Amino acid sequence: MTATQILNRIPLEEYAPLLGEPEIAEMRSLAKPLRGKQVQMVNSTKVGGGVAEILNRLIPLAEELEIDIHWDVLQGGADFFEVTKAFHNALHGASYVSNSQDFGIFREYNRRNFDLVRQDAEFTIIHDPQPAGLIEARREKAGHWIWRCHIDLSHPNSAVWGFLQPYVAQFDGAIFSSPEFSRQLPVPQYLFYPSIDPLSEKNRDLDKEFIGSVLRQFEIDAQRPILTQISRFDRLKDPVGVIRAYRIVKRYYDCQLVLAGGGASDDPEGAIVLDEVRKEASGDPDIHILELPAWAPLEVNALQRASTVVIQKSLREGFGLTVAEALWKRKPVVASAVGGIPTQVIHKHTGLLAHSVEGTAYQIRFLLSHPEIAKRLGEQGHKHVKENFLITQNLKNYLVLMLSLSRGN
Ligand code: UDP
């Protein structure tokens, strides 16, 4: 089964009230010359994490434009995902001891997935390092192959990057989420911001009754401030640091903390980190650790909307889609100044940035004591997302890139 079979299509016209008719017409005219050309997107998980979230919405929207698009998922074993998670952390700057066995596992699983490659595709977009080795299945420079990198490569571990770079160099181009993330490469590089779908179950408006029912389901008190971080249980998201910041805030405000996260099938570390988080939180009934199913968009939406302040205290981050999701919901956000977060949270304009546990606590306290400023930041954040980080803009970027590649530019 390809991943596309589970996706909900939303008629393009439904975006018109939000974006205006001219925007829809522009998308249709960009897509027209691409009809009949096959596009393949490949990543390493169908649910969980920002990449799957984007593909879940990008694919049906492209289908709405009658693009012949397919989403395929690389199949790996536990050993492969352990290796690629270590690569992921190392590319974000974590320490890593170079290990030829890891490189062998990476090569082997990519080889085993060669049949996944649709040789008839005119455009093949490979997301992130996990399936980058599929480039070796390409037949004699057939089609256009693009590597879409969602991670911050500004300070990669040199052994891992040294291993991956020769794969990336075989592509026809690479897309990054921020100018600072790109590397010296012998291929053209493009900047695409990640994006959210304003009409998806994750982001659409919800009625108050539903939000209330989700709070009751998780035994969260709607009457007291709710601080929330929604993230996979991953050390780079620093959930333990969030608890420490909350504890400082709690000395001044009778607030609650929600740490909600599901798993991603390509992330094997979740259970260990969840255990660490539970230990850190033990004994405080106002800390709600919610282990969500990997696919629970309405619950995530409701929790974000119910929040007084949304936190994203990542130590490293690709883009941080959860930030865009919270800003879209007009929430005041306190987030770390890492990865793609400062592109979204413009300090004191669309949210507040912090660099430490103490700084995070300070900014949360500030927002709790200045609700009118919190409201203004949320409003400005919504506008910022609307202008820059919507799925329609992301799809337009892909259409323009494919048009230009097919014309040989
Ligand atoms: N997410 C989710 N359920 C969870 C945790 C996260 O649906 O329990 C979603 C979240 O709403 C966002 C995505 O997963 O859409 C995470 O993307 P982000 O870029 O923030 O982080 P990543 O996991 O890709 O590092």
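Residues numbered from 1 in each chain as written. Predicted model: local features only at pLDDT ≥ 70, side-chain atom pairs only at ≥ 80, totals over all residues. Heavy atoms only, no water.

**Student:** What exactly am I supposed to notice about the pairing of strand β1 (residues 38-43) here?
**Tutor:** The side chains of a regular strand alternate, first on one face of the sheet and then on the other. Of all six residues in β1, six are buried, a share of seventy percent or more. The alternating pattern of β1 places Gln-38, Gln-40 and Val-42 on one face and Val-39, Met-41 and Asn-43 on the opposite face, and all of these are buried. Two strands pair when backbone bridges link them, and β1 and strand β2 (residues 68-73) are joined in this way by six bridges, in the parallel orientation. Pairing of Met-41 across the sheet is with Trp-71, part of β2. Of the crossover connections in this fold, the one passing from β1 over helix α3 (residues 50-64) to the parallel β2 is right-handed. (Buried < 20%, exposed > 50% of the residue type's maximum accessible area, 1.4 Å probe, protein only. Helix = DSSP H or I, 4+ residues; strand = E, 2+ residues; numbered from the N terminus. Pairing = 2+ DSSP bridges. Right-handed = clockwise from strand over helix to strand, strands pointing away.)

**Student:** Would you mind showing me how to read the sheet that holds strand β12 (residues 352-354) here?
**Tutor:** In sheet architecture, strand pairing relies on hydrogen bonds along the backbone and comes in two forms, parallel and antiparallel. On the basis of which strands lie adjacent, the open sheet formed by six strands has the order β9-β8-β7-β10-β11-β12 and parallel pairing. A strand with exactly one partner marks an edge of an open sheet, and here the two such strands are β9 (287-291) and β12. Pairwise comparison of adjacent strand axes, ignoring direction, gives a mean angle of 20° for this sheet. Relative to strand β10 (residues 309-312), strand β7 (residues 226-230) is paired through two bridges, and the arrangement is parallel. Opposite Thr-228, over in β10, you have Val-310 as the bridge partner. Where helix α10 (residues 297-306) meets the sheet, its contacts fall on β7, β8 (256-261), β9 and β10, and the angle it forms with β7 comes to roughly 145°. Helix-sheet contacts for helix α13 (residues 357-369) involve β7, β10, β11 (333-336) and β12, and the interaxial angle to β12 is about 155°. (Axes fitted to C-alpha atoms, helices over the stretch in contact; angles between N-to-C directions. Contact = heavy atoms within 4.5 Å.)

**Student:** How should the site of the ligand be read in this particular structure?
**Tutor:** Taken together, 17 residues sit near the ligand, with Gly-50, Arg-232, Lys-237, Gly-262 and Glu-325 positioned nearest. Interatomic distance of 2.9 Å between a backbone N/O atom of Leu-321 and an oxygen atom of the ligand. Glu-325 has a polar side-chain atom sitting 2.4 Å from an oxygen atom of the ligand. In the complex, the protein chains occlude 90% of the 540 Å² of accessible area that the ligand would expose alone. Listed by contribution, the elements that provide at least two residues to the shell around the ligand are α3 and α11 (321-328). Considered class by class, the residues forming the shell around the ligand number four nonpolar, seven polar and six charged. (Near = heavy atom within 4 Å. Polar contact = N/O pair within 3.5 Å; in protein donor to acceptor, adjacent residues only side chain to side chain. Areas by Shrake-Rupley, 256 points an atom, 1.4 Å probe, with all protein chains shown as cover. Nonpolar A, V, L, I, M, F, W, Y, C, P; charged D, E, K, R; others polar.)

**Student:** Sorry, what's going on with the nonpolar core here?
**Tutor:** Side chains that are nonpolar tend, in soluble globular proteins, to be buried together. Formed by 56 residues in total, the largest nonpolar core has its most connected members in Ile-67 and Leu-399. At the level of secondary structure, the elements contributing two or more residues to this core comprise α2 (21-31), β1, α3, β2, β3 (123-127), α11, β11 and α15 (391-406). Sequence-distant contacts of Ile-67, defined by excluding residues within four places in its chain, comprise Ala-31, Leu-34, Val-39, Ala-62 and Leu-399. The next biggest cluster of nonpolar side chains, apart from the first, holds 36 residues, and it includes Ala-90, Leu-91, Tyr-96 and Ala-174. (Core = buried A, V, L, I, M, F, W, Y, C linked by side-chain atoms within 4.5 Å.)

**Student:** Just checking my understanding: could you explain the sheet that holds β2 for this structure?
**Tutor:** If you walk across this open sheet you meet the six strands as β2-β1-β3-β4-β5-β6, and the pairing is parallel. The sheet terminates laterally at β2 and β6 (189-191), the two strands that pair on one side only. Within the sheet, the average angular offset between the axes of one strand and its neighbour, ignoring direction, is 20°. For β3 and strand β4 (residues 144-148), the ladder comprises five bridges, and the chain directions are parallel. Residue pairing across strands places His-127 opposite Arg-148, the latter belonging to β4. In this fold α3 packs onto β1, β2 and β3, with an angle of close to 155° to the strand it touches most, β2.

**Student:** Sorry, what's going on with the packing of helix α7 (residues 208-217) against α10 here?
**Tutor:** Any two packed helices are characterised by how steeply their axes cross, that is the angle between the axes, and by the distance between the axes. Close contact between α7 and α10 brings their axes to 9 Å; oriented N to C, the two are set at 95°. The orientation of α7 relative to α10 falls into the category roughly perpendicular. Facing α7, whose interface residues are Phe-210, Ile-211, Val-214 and Leu-215, α10 presents Leu-298, Glu-299, Ala-302, Leu-303, Arg-305 and Ala-306. Per-class residue counts for the contact of α7 with α10 are eight nonpolar, no polar and two charged. (Parallel < 35°, antiparallel > 145°, perpendicular 65-115°, else oblique.)

**Student:** Even after reading the chapter, I still don't get the environment of Glu-291, so can you show me in this structure?
**Tutor:** Relative to the elements of secondary structure, Glu-291 occurs in strand β9. Taking the C-alpha atoms as reference points, Glu-291 and Ala-25, 266 residues apart in sequence, are found 42 Å from one another. Apart from the residues lying within four places of it in its own chain, the contact partners of Glu-291 are Gly-261, Leu-274 and Arg-278. For Glu-291, the side chain forms a polar contact with the side chain of Arg-278, separated by 3.4 Å.

**Student:** Any chance you could explain α3 here in plain terms?
**Tutor:** Residues that lie three or four places apart on an α-helix share one face, since the helix turns once every 3.6 residues. Here α3 is 15 residues long and its end C-alpha atoms lie 22 Å apart, about the 21 Å a rise of 1.5 Å per residue gives. The first or second residue beyond α3 is Glu-66, which carries a positive phi of 65°. (Expected span 1.5 Å × (residues − 1).)

**Student:** Please explain the packing of aromatic side chains as it appears in this structure.
**Tutor:** Counted under the stated rule, the structure contains 17 aromatic pairs. Taking 5.8 Å as the distance between ring centres and 50° as the angle between the ring planes, the aromatic pair formed by Phe-106 and Tyr-167 counts as tilted. Linking Phe-106 in helix α5 (residues 100-112) with Tyr-167 in helix α6 (residues 158-168), this pair joins segments that are 61 residues apart in sequence. Looking at Phe-106, the relative accessible area reads 0%, which means it is buried. Taken together, a centroid distance of 5.0 Å and an interplanar angle of 85° make the contact between Phe-192 and Tyr-398 edge-to-face. (Phe/Tyr/Trp six-rings, centres within 6.5 Å; stacked < 30°, edge-to-face > 60°.)

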